[in-house]
Every structure is written in structure tokens, then in C-alpha cells.
Amino acid sequence: MIAGSLVAILGAASVAAEPAIRPSKSTADQLEQISAVVRRQIEAGLIPGAIVYIAERGKPAYFAAQGFADLEARKPVSSDTIFRLYSMTKPLTCAAVMTLYDEGLIGLDDPVKSYLPEFSRMTVRTPSGIVEANRDLTIRDLLTHTSGLSYEVTNSAVSADYRDADVFAIRNRQAESLESHVKRLARLPLASQPGAAWTYGESMGVLGRVVEVVSGETFRTYLKRRVLEPLDMRDTDFFVPRENAGRLMQLYTKSPTTALAKAQDLAQYGGSYLMPPMLEYGGAGLVGTTEDYMKFAQMLLDKGSHGGRRILSSKSVRLMTTNALPEALGDQPLAASGRAPGVGFGFCGLVVARRSGESPPGNVGEYAWGGWASTNFWIDPKRDLAGLVMTQVIPDVPGSGTLYDEVRQVVYGTAPQR
């Protein structure tokens, strides 16, 4: 377990250190290694700053904010720093969808066209041309990214179709409504027959629209009422109110040959997050704090409960966090996303470790996901542990020596001694 006293190390290891939360049961050396990993990445110019938060058995074991939320202004990261979550929005969207499932308002194998008629007659792009889909899309297809819906930025058979139609939701979040976006998306061909392949893409946005149609509320209103407010996730929303603008971390980009560069408010990254978007996008639209997201992670660890209140049924949590991909897809359906063999996929945005030795360091049964700007979380039920590693650098490439990779190596005892 992660352990040791935090008092002696956080002040020395953090540029903007948070107070020690509590002693835990690991070694002080492990905790210092985590702080040192973050410090090295900051000094190497790989990240501007970060927060690492690890909880065990429902209690904080490590929390430190290091480095800068704004490099140019030398503004430190702090405990209330707000991050763009990008694809870490997906598990929260899943929770909203599963509340509808818990209430019997949707079925996992319901045709999507039952809620969104625009998906009644789908086509598929194949090497020989466009053909009709051999069956209807289902809610389960959307939840498991086996719908055939793609992203413009995903290397798929329909990338050019998406690019020509300009349907990239992140770029258009200030330009069109969710309803308009989904209707335009439904007119494009699929990258594969429904259920035939795992393709990362726009499925979560479509699920957000399903939530709107079934609930009669906007996606934001329903998500806040059924998930965010019951979890007391006060700073998680589709935008940052003006009074909290100073808490939003600057966004940076980096390539192998360039240093960190500001990317604030550029349209391709979602534009300004200081105003309500037209498109409340379930695939990558939310912002939030580390503390907020830990509440969500702890709810999943607690099988759907939070503070004595049930958010999701234990069955829904099990469906979200258990491999849901059919064996027919083989052992590497997620290979294109940089994931190793031995991992599966639950609902919405949760990679599930299925076997030991082939997945990243950790335990069988753990689940995890991340966001485009290098926000990551993982949950290890065997250890009763949840971890968050948060910064704001695009892109995030799993398995490439990211901060998330290095922190996990320390936690699971696989980090090289330096």
C-alpha cells in the first residue's frame, strides 16, 4: 500500500504544495518518489504542473499540487484548480445513461432509432463502397464504442467523411446544439457494421442526446440533477463561471520536437471554456477539479453509493466496469488507442484489465480512462484504491512515459530507482 507521513516531503517536493492530509500505510520513500516523478517532469518541460491524488479505503493517502497552472504568469497549481476533462467526461455520461437504465426507461439492446429516428437507416463505408447497415444500432453499441461511429481525428474508414462534413464535436462546441450535431452525424456512413469493431468516436455524444430525449431535459440539466449534484461535484460543468475564471488551468500543447506552447481558447480544442457552450457534449465537454472527480471515482469503488445515497445500482456499476466486448473481436480491439493486449472495455470510457502480466502495472479487474489533455484516473478494487493524475497538456499518449505512467509505476513498485 501507499504509505508514510506526508508532512516531511510535500513542502520540499512541491512548488505549490498542499498540506499533508493524513499519515497512511505506505513508505515515505514511495511518497517522495511520486513527488520526485512530478518534479522531474516539470523540470524537463514535459508538463507545466500537476495534481496527484490517491485514496485508499476511502481515505486520502497522497495529495500534492506541484508546478504551475500558468507557466508565463508563474501562477501555481492549487487544490481548487479546474481542468478540462475531455474524454474523462465519458464515464460521467455513462453514469447518466445508467440512471435511465436503472429506472427501466431504456434497455441496453434497444434500437437507437427508438429514441432518435434519424438513426433509422444507417450506411457503412466499405472498401468497395457504401452499403446498408446489416442491423440497427443499439444503446449497447454506443456504450461499448462498437457502433461504427468515429471521430474526425480517428484514423478510420470515415475520417474523410467526417472532415468534409465538419462534425468534430470539440471544434464545434460553440457553433451548434447537441440535437443539430447528432442529426448531422446520423447522415454519415459508419466505419464498420454495428457491433463488428471497436472504434473510438462520437458514440457518447449520441448517448447524451438519448438522455435529452428520454428525460425531456437538456443533457447538462439532467447530468447535474442526477449525477453531479448528488455527488457534490460543485465545480464540474460544461464551462467555468466568470467568477472562477482564474482557477482554470492554462492549456498547453507539446510535440516531440517542441516545448510547451499555450493553446488557450483555440477552436480545435473546444474554444473558450469561460462561456456556456451551445453543444453540451457527452464525449468531451466537461471541466472539473481533482476533488470533484475523486468523489465520482469513490462512488464507483463503493458500487454506486455516495454518502449514504445511492447514485447507481451495483448492477449498473458492474456493467460499466466489466469487459463488455465480445470475444469475436479478439484480444486487441483497443490496440489503436495505445492499449496493450489483455485489456477490455466496459461502458463509455473504462478500460478494464482482464489478465495480469499483459496489462499495465496494476491488478486484474482495475479500470481506468483519461482525457486528451493528460487527465487520467484509475480504480483498483483489489486494493480499494483510486488515483487521479491531472495536468493540461495535449496530447496524452498512454504507455509513452507520461506522468500517469510513471506515477503508476511507483504505486505498483515497478519504477526504476534513480
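For the structure, see preceding data.
Just so it is clear, the structure is predicted and the values come from calculations on it, not from any experiment.

Conventions adopted
- Residues numbered from 1 in each chain as written.
- Predicted model: local features only at pLDDT ≥ 70, side-chain atom pairs only at ≥ 80, totals over all residues.
- Heavy atoms only, no water.
- Helix = DSSP H or I, 4+ residues; strand = E, 2+ residues; numbered from the N terminus.
- Buried < 20%, exposed > 50% of the residue type's maximum accessible area, 1.4 Å probe, protein only.
- Contact = heavy atoms within 4.5 Å.
- Areas by Shrake-Rupley, 256 points an atom, 1.4 Å probe, with all protein chains shown as cover.
- Phe/Tyr/Trp six-rings, centres within 6.5 Å; stacked < 30°, edge-to-face > 60°.
- Lys NZ or Arg CZ within 6 Å of the ring centre and 35° of its normal.
- Core = buried A, V, L, I, M, F, W, Y, C linked by side-chain atoms within 4.5 Å.
- Axes fitted to C-alpha atoms, helices over the stretch in contact; angles between N-to-C directions.
- Parallel < 35°, antiparallel > 145°, perpendicular 65-115°, else oblique.
- Nonpolar A, V, L, I, M, F, W, Y, C, P; charged D, E, K, R; others polar.

*Asks:* Talk me through the overall build of the chain; I want residue IDs and the actual numbers.
*Replies:* Helices and strands together make up the secondary structure of the chain, namely 11 helices and 17 strands. Scored against the burial criterion, the 418 residues of the chain give a buried share of 59%. When contacts within the chain are restricted to residue pairs at least 6 apart in sequence, those whose partners lie at least 24 apart make up 67%. For the chain, the exposed surface amounts to about 15,900 Å²; the carbon and sulfur share of it is 52%.

*Asks:* Tell me about the packing of aromatic side chains, and please be specific about residues and values.
*Replies:* Applying the stated criterion to the full structure yields 16 aromatic pairs. When the centroid spacing of 5.6 Å and the interplanar angle of 75 degrees are considered together, the rings of F345 and W369 count as edge-to-face. With F345 in strand β12 (residues 343–345) and W369 in strand β14 (residues 367–371), the pair connects residues that are 24 residues apart, well separated along the chain. By the burial criterion, F345 is buried, and W369 matches it. Taken together, Y86, Y151, F168, W198, Y200, Y269, Y273, F345, W369 and W372 form an aromatic cluster joined through their ring pairs. The ring of F68 carries R74 above its face, with NZ or CZ at 4.1 Å from the centroid. It is R173 that lies over the ring of Y273; its NZ or CZ is 3.9 Å from the centre.

*Asks:* Describe the nonpolar core, with residues and values.
*Replies:* The biggest cluster of nonpolar side chains holds 106 residues, and the ones touching the most others in it are Y86, M98, F119, L143, V206, F296 and F377. For this core, the element with the most residues is helix α3 (residues 90–102), which contributes eight residues. In this structure Y86 touches I170, L251, Y269, Y273, G283, A284, G285, L286, G371, W372, A373 and I394, once residues within four positions along its chain are discounted. Counting 24 residues, the second-largest nonpolar core is a separate cluster that includes I34, A50, V52 and I54.

*Asks:* Go over the packing of α3 against helix α8 (residues 219–228) with me, naming the residues and quoting the values.
*Replies:* The N-to-C vectors of α3 and α8 enclose an angle of 80 degrees; their axes lie 10 Å apart at closest approach. Between α3 and α8, the crossing angle belongs to the class labelled roughly perpendicular. Residues L92, T93, A95, A96, T99 and L100 of α3 form the contact with α8, whose participating residues are F219, Y222, L223, R226, V227 and L228. In the contact of α3 with α8, the residues fall into nine nonpolar, two polar and one charged.

These figures come from the coordinates and say nothing about function on their own.
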